Number of protein chains: 2
Amino acid sequence: MTVNTSVTADHNAPAITRQLAEFVANHPSKGWSDAVEHEAHRTFLNWLGCAIGAARHEAVDAALAATQMLQPAPQATLAGRSERVDMASAALINGISSHTFDFDDTHLKTIIHPAGPVASAIMALAEHQGSSGRQVIDALVLGIDVACRMGNLVYPEHYDRGWHITGSTGTLGAAAACSRLLGLNAEQTTMALGIAASQPIGLREQFGTMTKPFHPGGAARAGLMAALLAQKGFTSSARALEAPRGWAQVLSTKYDWREAQDELGQRFEISFNAYKPFACGIVIHPSIDACAQLRAQGVKAEEVEKIELRVHPLVLELTGKKEPQDGLQGKFSVYHGCAAGLIFGRAGEEEFADHIVTREDVVALRRKVQAVVDTSVREESVYVTATLKDGRSVQVHVEHAIGSLQRPMTDADLEAKFHNLADPILGESKVESVLDACWGLGQASNLQVLLKQLAP
Amino acid sequence: MTVNTSVTADHNAPAITRQLAEFVANHPSKGWSDAVEHEAHRTFLNWLGCAIGAARHEAVDAALAATQMLQPAPQATLAGRSERVDMASAALINGISSHTFDFDDTHLKTIIHPAGPVASAIMALAEHQGSSGRQVIDALVLGIDVACRMGNLVYPEHYDRGWHITGSTGTLGAAAACSRLLGLNAEQTTMALGIAASQPIGLREQFGTMTKPFHPGGAARAGLMAALLAQKGFTSSARALEAPRGWAQVLSTKYDWREAQDELGQRFEISFNAYKPFACGIVIHPSIDACAQLRAQGVKAEEVEKIELRVHPLVLELTGKKEPQDGLQGKFSVYHGCAAGLIFGRAGEEEFADHIVTREDVVALRRKVQAVVDTSVREESVYVTATLKDGRSVQVHVEHAIGSLQRPMTDADLEAKFHNLADPILGESKVESVLDACWGLGQASNLQVLLKQLAP
């Protein structure tokens, strides 16, 4: 392992900017297994459902209103809305909406949500260009590979330092995907990655505000523009990712160059993408899952004396909010997540509505939840003990939460999730057509059939 | 001094995001001395001259071509060009052109070029809004104050780590300026600063490529959009600048909070702004100045055996390129700078043209220049010894280079520089009108008189 964790500059880093650019420009169309191909369709479908579902959220309204101050040309579709905007603004807004519910995909090795930046940029550019579905899937697989490999390269130090890794790697992924879609050669793609490298977006301090979903949206926009700039001859450093004052070394003190190189073109990071059953950060999914299992075992909220969790340290670091005041804050509260799991048996977007998070019985139950950090518990696990008023004790150990790679959402699960998100916006029959178009994307001659269904 | 240089998070940082936002929102119009007011006009004028001068550069052509893919609405003027684009794109492109020649202003404490991000955002927004010249100057002083104070707060560690501090602080300055121009209240301005904080732009690895001037342009665009987003209700962390996972602590291990607070509203950082007599990085100005002084003393290039420099360490770190291949690389070569100073007695944009940098006599002379680092030499100084073929030795010690705060460019110097830059683009008589409009900006009811002169 050549993991560098020192603060001394590495002047001999391999030329990963060029290597990744050559890969993106030259890898054969559909140059991967059927499993990878299918995962790409699942990733796209899950991303689109999330983007449609949040289309009427006030964060999306606000972002659209700001964008409309620019009087944008009607080049591209917004998921779940009737307005049209220029393609860069569409990348921004679809990226925001796809992450607003914290319900999108997760590359579990790095906690990157890769589709937000990458697919949002692709759909906007592909619409304007008339790209084929084949080109879209190719760009998606390759763009996500670049984002997630760069994430692997700096994770976890980069994230621990405070970068929202979805946005900081997302500009690179979006630039790679759009370079592919534009048909840029390796040299131009190198320039696009370089331009994008200077625009890492996202501080973790923003978690719990609209600026968190802004990160994938901003990354999508910046990556798309980086590719357009490179196409027009704009230049950047060809060592922007690896140089001593380049992306990895400035944004992290850990960088393992081999993550960019090993099995490139053979192992695809999209294979490690997972989809959330619950509309919140992945770290509390085991806890919600466990509480839903308590409910399935017959435990009722009114019987509970206390619920004790033993959790991975990140759970309290990311989602330790004891007294959430609204739905958004509820997503950063393992206590609310457990209450929702036990009371409702699920934690979709509805269970994070303001009126649920502040409902008396929900508040009462969450105050009975206690969590302690146990460094021996892995991120995908939790140990839960419910003590009941009658003295009984019920224990649940979740080894792998639903939605993990070990217990993945099925295609039917993903469709059900899509319906829950999109039916209220588009109506059920339109949603059926959209689902068909998503599954058939790789064969579509262009995106028109899909896109024309996306307005309410 | 409460300078924190440890890597342990500071959880008790003062609320500087709010403090700066309150300052920007509430400080009285023209609430500063006549000297500050005049410096603001000098800053604007110098920025505009640089932006006009580079209007036909291929970096600007490429950026405009990429932007035109979005079919932008003709909302705002581009300095020195006849095309019109939306205001956010105008902020981007004017920001790029103003820094393309490396000839813009420098806040000497931090090597920030503050006008690029701040003035570029202001002019675009002010045009679209019909703001008065008074509002423009107010926004400029306050926006530059925010950018440079945040720079002081993290300098030099942040810069040493590899951030191009012009872009990383520029988003904050542009957001502050545009918030003021939009009349946002303190709460909205806090949100705008927060949105901007998640978008630091610029790695030093890009020096010598078009992406270097992209940094102030991108910062201008991002800051303008952050203010528009905040106006429309988009939210961010109110502690985005100071929190453990906020701007300062993620982007630097040194943060001196008092730089954001001390004498706020009394000391204005624009007072420490300087203007370049030479079209390249400020660190080699003493060397160029010294070589021009050698020339003034009668030393001729053909007499020179060797020229020895003793320089501050940054000179070789930033501009140590021994064999520049074109004009852009020439700007990062103290060797070429010295050759230009001795041969031409100046180093404007013309002396960094490709054909000059590769001209035989220029190349021959630069190869006779040797530089050694001397940590006792300050950044604004240099010791130069020319050894002539006849055995004579001529020494020059520059304590403060022309263009420094101790030896500032006069108003007449700035006008001459403006003519050199803008006359080839706009013609001399139009330039005279532009200069008049710049000096009278604080009294102008709007920018129309100025703006209508800016197209060739």
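Residues numbered from 1 in each chain as written. Chains lettered and ligands numbered in written order. Predicted model: local features only at pLDDT ≥ 70, side-chain atom pairs only at ≥ 80, totals over all residues. Heavy atoms only, no water.

Asker: Looking at this structure, how should I read the overall build of chain A?
Answerer: Counting its regular elements, chain A contains 21 helices and 10 strands. For 456 residues, the compact-globule formula gives about 23 Å, and the C-alpha radius of gyration of chain A, at 22 Å, lands near that figure. Viewed in the frame of its principal axes, chain A has a C-alpha envelope of about 70 × 55 × 40 Å. In chain A, which comprises 456 residues, the share counted as buried stands at 66%. (Helix = DSSP H or I, 4+ residues; strand = E, 2+ residues; numbered from the N terminus. Rg over C-alpha atoms; globule rule 2.2 N^0.38 Å. Buried < 20%, exposed > 50% of the residue type's maximum accessible area, 1.4 Å probe, protein only.)

Asker: Before we go on, may I ask you to explain the side chain of A:Asp105 in this structure?
Answerer: Residue and element names in this part refer to chain A. Mapped onto the secondary structure, Asp105 falls in the loop between α4 (87-100) and β4 (106-107). Side-chain polar atoms of Asp105 contact the backbone nitrogen of Ala115, separated by 3.2 Å. Within the structure, the side chain of Asp105 is placed 2.7 Å from the side chain of Asn273, a separation counted as a polar contact. Setting aside chain neighbours within four positions, we find Asp105 in contact with Thr43, Asn46, Ile112, His113, Pro114, Ala115, Gly116, Asn273, Ala274 and Tyr275. (Polar contact = N/O pair within 3.5 Å; in protein donor to acceptor, adjacent residues only side chain to side chain. Contact = heavy atoms within 4.5 Å.)

Asker: What am I meant to see in the sheet that holds strand β7 (residues 304-311) of chain A here?
Answerer: Paired through backbone hydrogen bonds, the strands of a sheet run either parallel or antiparallel to each other. Residue and element names in this part refer to chain A. On the basis of which strands lie adjacent, the open sheet formed by four strands has the order β8-β7-β9-β10 and mixed pairing. Each having just a single partner strand, β8 (369-373) and β10 (393-398) make up the two edges of the open sheet. The sheet shows a mean angle of 15° between the axes of neighbouring strands, taken without regard to direction. Contacts from helix α13 (residues 285-296) reach β7, β9 (382-388) and β10 within the one sheet, and its direction differs from that of β10 by about 135°. Against the sheet, helix α16 (residues 334-344) touches β7 and β8, its axis set at about 125° to β7. (Pairing = 2+ DSSP bridges. Axes fitted to C-alpha atoms, helices over the stretch in contact; angles between N-to-C directions.)

Asker: Explanation requested: the packing of α4(A) against helix α10 (residues 211-231) of chain A in the structure shown.
Answerer: How two helices pack is summed up by the angle between their axes together with the distance between the axes. Residues and elements named next belong to chain A. Across the interface, α4 lies against α10 with an axial gap of 7 Å and an inter-helix angle of 150°. Of the possible angle classes, the one that applies to α4 and α10 is roughly antiparallel. In this structure, α4 crosses over α10, and the sense of that crossing is right-handed. Residues Met87, Ala88, Ala91, Leu92, Gly95, Ile96, His99 and Thr100 of α4 form the contact with α10, whose own contacting residues are Lys212, Pro213, Phe214, Pro216, Gly217, Gly218, Ala220, Arg221, Leu224, Met225 and Leu228. Looking at side-chain class alone, the contact of α4 with α10 contains 12 nonpolar, five polar and two charged residues. (Parallel < 35°, antiparallel > 145°, perpendicular 65-115°, else oblique. Left-handed = near helix turned anticlockwise from the far one by under 90°. Nonpolar A, V, L, I, M, F, W, Y, C, P; charged D, E, K, R; others polar.)

Asker: For this particular structure, what's the right way to read the relation of the copies chain B and chain A?
Answerer: Both copies of the chain are tied together by a single rotation about an axis and a shift running along it. When chain B is fitted onto chain A, the two copies agree to an RMSD of 0.0 Å after a turn of 180° and an axial shift of 0.0 Å. Given the turn and translation reported, the copies of this chain are related as if by a two-fold rotation axis. The rotation axis passes nearest to the C-alpha of B:Pro72 in chain B, at a distance of 3.2 Å. Taken as a fraction of all interface residues of chain B, those also at the interface in chain A reach 100%, which identifies the copy contact as same-surface. (Least-squares fit on C-alpha atoms with pLDDT ≥ 70 in both.)

Asker: I tried to follow the UniProt feature "domain: MmgE/PrpD N-terminal" (unreviewed entry) in chain A on my own but got confused; where do I start?
Answerer: The positions UniProt marks with the feature "domain: MmgE/PrpD N-terminal" (unreviewed entry) are residues 18-258 of chain A. When the span residues 18-258 of chain A is considered, its composition is 63% helix and 3% strand, and the gap between its end C-alpha atoms is 14 Å. (UniProt positions renumbered as here; feature names shortened; annotations may be inferred.)

Asker: In this structure, what is going on with the pattern of salt bridges? I would like to understand it.
Answerer: Side-chain pairs of opposite charge can arise where the charged atoms are in close proximity. Taken as a whole and judged by the stated rule, the model has 62 salt bridges over all chains. One salt bridge in this structure joins A:Glu399 and A:Arg378, with 3.9 Å as the shortest N-O distance. One end of the pair, A:Glu399, is in the loop between β10 and α19 (411-426); the other, A:Arg378, is in the loop between β8 and β9, with 21 residues separating them in the sequence. One salt bridge connects B:Arg204 with B:Glu317, and the closest N-O pair in it is separated by 3.4 Å. On the criterion of sequence distance, the pair formed by B:Arg204 in the loop between α9 (186-197) and α10 (211-231) and B:Glu317 in helix α14 (residues 313-319) is long-range, its members being 113 residues apart. (Salt bridge = Lys/Arg side-chain N within 4 Å of Asp/Glu carboxyl O.)

Asker: Would you mind showing me how to read the UniProt feature "domain: MmgE/PrpD C-terminal" (unreviewed entry) in chain A here?
Answerer: Feature annotation in UniProt places "domain: MmgE/PrpD C-terminal" (unreviewed entry) on residues 278-440 of chain A, given in this structure's numbering. Helix makes up 45% of residues 278-440 of chain A and strand 16%. Its end C-alpha atoms lie 26 Å apart.

Asker: Please clarify how the interface of chain B and chain A should be interpreted in this entry.
Answerer: By a frequent convention, interface size equals the accessible area lost on bringing the separate parts together. At the interface, 56 residues of chain B touch 56 residues of chain A. Taken over both partners, the interface formed by chain B and chain A buries close to 4,800 Å², and the fraction arising from carbon and sulfur atoms is 63%. For the chain B face of the interface with chain A, the top three residues by lost area are B:Leu70, B:Phe234 and B:Arg245, together amounting to 16%. On the surface where chain B and chain A come into contact, there are two salt bridges. Where chain B meets chain A, there are 26 residue pairs in polar contact (both at pLDDT 80 or more). For the side of chain B that touches chain A, the secondary structure elements donating two or more residues are α3 (58-68), α4 (87-100), α7 (157-161), α9, α10 and α11 (247-251) of chain B. A class-by-class count of the residues in the side of chain B that touches chain A yields 28 nonpolar, 18 polar and 10 charged. (Buried area = accessible area lost by both parts, 1.4 Å probe.)

Asker: Would you take a moment to explain the nonpolar core for this structure?
Answerer: Grouped together as the largest cluster of nonpolar side chains are 332 residues, with contacts concentrated most on A:Leu48 and B:Leu48. When sequence neighbours within four positions are dropped, the list of residues in contact with A:Leu48 reads A:Ala79, A:Met123, A:Phe418, A:Val434, A:Cys438, A:Leu450 and A:Leu454. (Core = buried A, V, L, I, M, F, W, Y, C linked by side-chain atoms within 4.5 Å.)

Asker: Got a minute to help me understand the sheet that holds strand β7 (residues 304-311) of chain B in this structure?
Answerer: All names here are of chain B. Read across the sheet, four strands follow the order β8-β7-β9-β10 without closing on themselves; strand pairing throughout is mixed. Looking at the sheet topology across the chains shown, the edges are occupied by β8 (369-373) and β10 (393-398). Looking at each pair of strands side by side, their axes are set apart by 15° on average, direction ignored. Two strands pair when backbone bridges link them, and β7 and strand β9 (residues 382-388) are joined in this way by six bridges, in the antiparallel orientation. Note that in β9 the partner of Leu309 across the bridge is Val384.

Asker: Explain the pairing of β9(B) to me, please; I cannot follow it from the model alone.
Answerer: Extensive coverage of β9(B) is indicated by the burial of six of its seven residues. Here β9(B) folds back onto β10(B), and the loop between the two strands holds four residues, one of which, B:Gly391, carries a positive phi near 95°.

Asker: Mind showing me how you'd approach α16(A) here?
Answerer: Helical geometry: 3.6 residues make up each α-helical turn, so side chains three or four residues apart lie on a common side. All names here are of chain A. Most of α16 sits inside the fold, with 11 of its 11 residues counted as buried. When α16 is considered as a whole, its buried residues turn out to be Val334, Tyr335, His336, Gly337, Cys338, Ala339, Ala340, Gly341, Leu342, Ile343 and Phe344. One or two positions beyond α16, positive phi appears at Gly345, with a value near 75°.

Asker: When you look at the domain arrangement of chain A in this model, what are you seeing that I'm missing?
Answerer: Residue and element names in this part refer to chain A. The domain boundaries assigned to chain A delineate domain 1 (3-274) and domain 2 (282-398). Using C-alpha coordinates to define each centre, domain 1 is positioned 33 Å away from domain 2. With 14 residues of domain 1 at the contact, the number on the domain 2 side is 10 residues. In terms of surface lost to domain 2, no three residues of domain 1 exceed Phe101, Ile111 and Gly208, which account for 36% of the buried area on that side. The tally of links between domain 1 and domain 2 comes to one salt bridge. Our count for the domain 1 to domain 2 interface comes out at one residue pair in polar contact (both at pLDDT 80 or more). (Domains from an automatic or database assignment.)

Asker: Whenever I open this one, the side chain of A:Asp102 confuses me. Can you help?
Answerer: Residue and element names in this part refer to chain A. Position of Asp102 relative to the elements: it lies in the loop between α4 and β4. A polar contact of 2.6 Å, which involves the side chain of Asp102, links it to the side chain of Lys212. Asp102 has contacts with Lys212, Lys276, Phe278, Ala279, Cys280, Gly281, Lys331 and Phe332, leaving out every residue within four places of it along the chain.

Asker: Whenever I open this one, the packing of aromatic side chains confuses me. Can you help?
Answerer: The description of two aromatic rings rests on the distance between their centres and on the angle between their planes. This structure, assessed with the given rule, holds 15 aromatic pairs over all chains. Centroid distance A:Phe214 to B:Phe234: 6.2 Å. Interplanar angle 75°. Geometry classified as edge-to-face. With A:Phe214 in helix α10 and B:Phe234 in the loop between α10 and α11, this residue pair bridges two chains. Like B:Phe234, A:Phe214 is buried. Members of the aromatic cluster, each reached through a chain of ring pairs, are A:Phe23, A:Trp32 and A:Phe268. Here the basic side chain of A:Lys417 rests over the ring of A:Phe103, its NZ or CZ set 4.2 Å away from the ring centre. When the ring centre of B:Tyr159 is taken as reference, the NZ or CZ atom of B:Arg204 above it lies at 4.0 Å. (Phe/Tyr/Trp six-rings, centres within 6.5 Å; stacked < 30°, edge-to-face > 60°. Lys NZ or Arg CZ within 6 Å of the ring centre and 35° of its normal.)

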